[in-house]
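What follows is each chain in one-letter form.
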2 protein chains.
Amino acid sequence: MDQGESGPTIADLIRAHFNEFKPAERKIANHLLGNYPMAGLTSITELSAACQVSTPTVMRTLGRIGFTSFTRFQKALKQELAETLSDPIAKHGLWATGTPREHVLNRAAEAVVANLRDTMNHISYDSFNQVVELLCDPGRAVHLVGGRITHAFSDYLATHLEVIRRGVRQLPASAGLWPHHLLDMAADDVLLVFDVRRYELDLQGLARVAADKGVEVVLFTDQWLSPIAEYAGHSFPVHTEAASGWDSGVATLFLIEALVTAVESRLWDGASERMNELERIFDRTGRFRRLKE
Amino acid sequence: MDQGESGPTIADLIRAHFNEFKPAERKIANHLLGNYPMAGLTSITELSAACQVSTPTVMRTLGRIGFTSFTRFQKALKQELAETLSDPIAKHGLWATGTPREHVLNRAAEAVVANLRDTMNHISYDSFNQVVELLCDPGRAVHLVGGRITHAFSDYLATHLEVIRRGVRQLPASAGLWPHHLLDMAADDVLLVFDVRRYELDLQGLARVAADKGVEVVLFTDQWLSPIAEYAGHSFPVHTEAASGWDSGVATLFLIEALVTAVESRLWDGASERMNELERIFDRTGRFRRLKE
DNA sequence: TTTATGATGTAAAGTTTTTTACACAACGAA
DNA sequence: TTCGTTGTGTAAAAAACTTTACATCATAAA
């Protein structure tokens, strides 16, 4: 794709040629500039109708500013719009200064930001808010479970949630112990499940049984959706695939942290007391360095 | 013109119906969301080609979210775009389209990208390469250990390294068992330590003893540097602080994944064989869903 | 007034899209 | 296996759009 073409905009072109235009052509120019750029995104038919001129007049107008066909004009306009809309992050150039662009670090950074953006576009704002609500409800215990790879994420989320609220239970890594744990789940409890390819049958079974018991299942999965989505009240499809075939958990972790942050600020009153108490306990164990300030 | 129509955006509709979509239809949904909204402004022909599906599939996809014709869909999208463009506060460069800028998701995304950039600027390219070398050396066993919060990261890294090479040992979470493990560390082994505030005394002790034995210590810490940096051959100061006082592990995870990727491609010949074997074992256990394609 | 010229529209031809109808292949259940 | 179902694509019909050729109208100079 030929990038970087940052010459004059189409609006500039129209303004520059304005005095060459005949009266009927000026109607078009005015309409185009007055409803820029959307007016140019309709068909030439509609455009001419909106200006009360004929289609050939539109053609001649565009011909004057250098476009030999309406199609090409519209393509250019779309590209211009796309560049305007494209987010500022993408253009930040090289990341790790002084390292070659091809270095893993740079390639990975670009891939990860792309993942993040895709994930953001796929996540439902409503789902996010509703899950936050669920996690803030002290009446619901929260159970977490992950698969072979995602286990670490459920661990991380559990560690953070425990600091904020009570009733957080992380299921053991081995599926054999899950039935035992299922006994402890009550209807209206929340089960956070992490499942990415390859999807694990044990997890699916667990989620189904839990859902049958009336447990609210929240699923963190990849863009291909684990079959557990079927039983889940909310699903977060996180984009994991980076270029050249390796998967990244960065977007998943990002989502986890966003959730923790949201829950924490929502429960602030209770949570801050709980956190202070935790600090005191840490101080007493003497296992941590005393903070400087 | 019916103005003020601020119902669900088309992106919302797509997200809401995402799990009803068939595989081919998801390609379209992903493409539409991934290049939103410009991807929807081409002809149905180009759109289908870009997704490598047929035009009728596009029609069916749009049908599912309530549009009975492609034309009507595109009209709606244009109107949405027009409203966005005329509303100065709205989107431009926003990530999660349709969510207010102040929403946790957007604030967190911005913070995380900033962290990533800071981290990239502080990491030594040489250190990175040298650590990759260490991890690729089959003669050195690799030990991993983390603290209360970072434990999940060491877990994640261990899980991935195990797939690639042999001799990967994750230390248990409880410090009481570490002395026992220290017996197994040989000079020239590698110890990967994760330590962020609050720095843990037990970890420091462990790292010191290991360093004394001639173990190569590699430290993942935050920008304030754990005291372990003293004994470490290589330190990665990862930026963890996001605005408003919460810490993020995203940059840490990013670094971990970059390392794994580098090691994997460096050891490709051996690693791919090992990974294939793992696949076969998984197939035999029957615990995983068989992949479609 | 006539005539030439420029401005604009009409209508039809050519092209591309959209839409529909139907066929084929993959898959799961009987 | 066989059969029905479901997912998806092919291809042709229908519609819309773009472009061209040419006609008409208005204006101004002779």
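Here the structure is a predicted model, which means the values were calculated and not measured. (Residues numbered from 1 in each chain as written. Chains lettered and ligands numbered in written order. Predicted model: local features only at pLDDT ≥ 70, side-chain atom pairs only at ≥ 80, totals over all residues. Heavy atoms only, no water.)

Thoughts on the confidence of the model for chain A
Residue and element names in this part refer to chain A.
Then step 1. Of all residues in chain A, 84% attain a pLDDT of 70 or more, and the chain-wide mean is 83.
Then step 2. The secondary structure element of chain A with the lowest average pLDDT is helix α12 (residues 268-285), at 68, and the one with the highest is strand β1 (residues 142-145), at 97.
Then step 3. Note that residues 1-5 has pLDDT below 50 and, in this model, three contacts with residues that lie over four places away or in other chains. (pLDDT = per-residue confidence, 0-100. Helix = DSSP H or I, 4+ residues; strand = E, 2+ residues; numbered from the N terminus. Contact = heavy atoms within 4.5 Å.)

Considerations on helix α4 (residues 55-64) of chain B
All names here are of chain B.
Then step 1. The set of residues buried in α4 consists of Thr 57, Val 58, Thr 61 and Leu 62. Across the axial projection of α4, the buried residues extend over an arc of 135°, all falling on one side.
Then step 2. In the stretch just after α4, Gly 66 is the one whose phi turns positive, near 105°. (Buried < 20%, exposed > 50% of the residue type's maximum accessible area, 1.4 Å probe, protein only. Arc of directions from axis to C-beta.)

Regarding the protein's contact with DNA strand D
Then step 1. Among the 17 residues in the neighbourhood of DNA strand D, the closest are listed as Ile 44, Ser 69 and Phe 70 of chain A together with Lys 22 and Pro 56 of chain B.
Then step 2. In this structure, a phosphate oxygen belonging to DNA strand D sits 2.7 Å away from a main-chain N or O atom of Phe 70 of chain A.
Then step 3. Ser 54 of chain B is positioned with one of its side-chain polar atoms (N or O) 3.3 Å from a phosphate oxygen of DNA strand D.
Then step 4. Counting residues per element, the ones that place at least two in the surface near DNA strand D are α3 (44-51), α4 (55-64) and α5 (70-85) of chain A together with α2 (23-34) and α4 of chain B.
Then step 5. Looking at side-chain class alone, the surface near DNA strand D contains eight nonpolar, seven polar and two charged residues. (Near = heavy atom within 4 Å. Polar contact = N/O pair within 3.5 Å; in protein donor to acceptor, adjacent residues only side chain to side chain. Nonpolar A, V, L, I, M, F, W, Y, C, P; charged D, E, K, R; others polar.)

A look at the packing of aromatic side chains
Then step 1. One pass over the structure, following the stated rule, counts 11 aromatic pairs over all chains.
Then step 2. Taken together, a centroid distance of 5.2 Å and an interplanar angle of 55° make the contact between Phe 153 of chain A and Tyr 156 of chain B tilted. Taken together, the residues Phe 153 of chain A in helix α8 (residues 151-164) and Tyr 156 of chain B in helix α8 (residues 151-164) connect one chain to another. Each of the two residues, Phe 153 of chain A as well as Tyr 156 of chain B, counts as buried.
Then step 3. Three or more aromatic residues joined by ring pairs make a cluster, and in this case those are Phe 67, Phe 70 and Phe 73 of chain A.
Then step 4. The ring of Trp 224 of chain A carries the charged tip of Arg 197 of chain A above its face, separated from the ring centre by 4.0 Å. (Phe/Tyr/Trp six-rings, centres within 6.5 Å; stacked < 30°, edge-to-face > 60°. Lys NZ or Arg CZ within 6 Å of the ring centre and 35° of its normal.)

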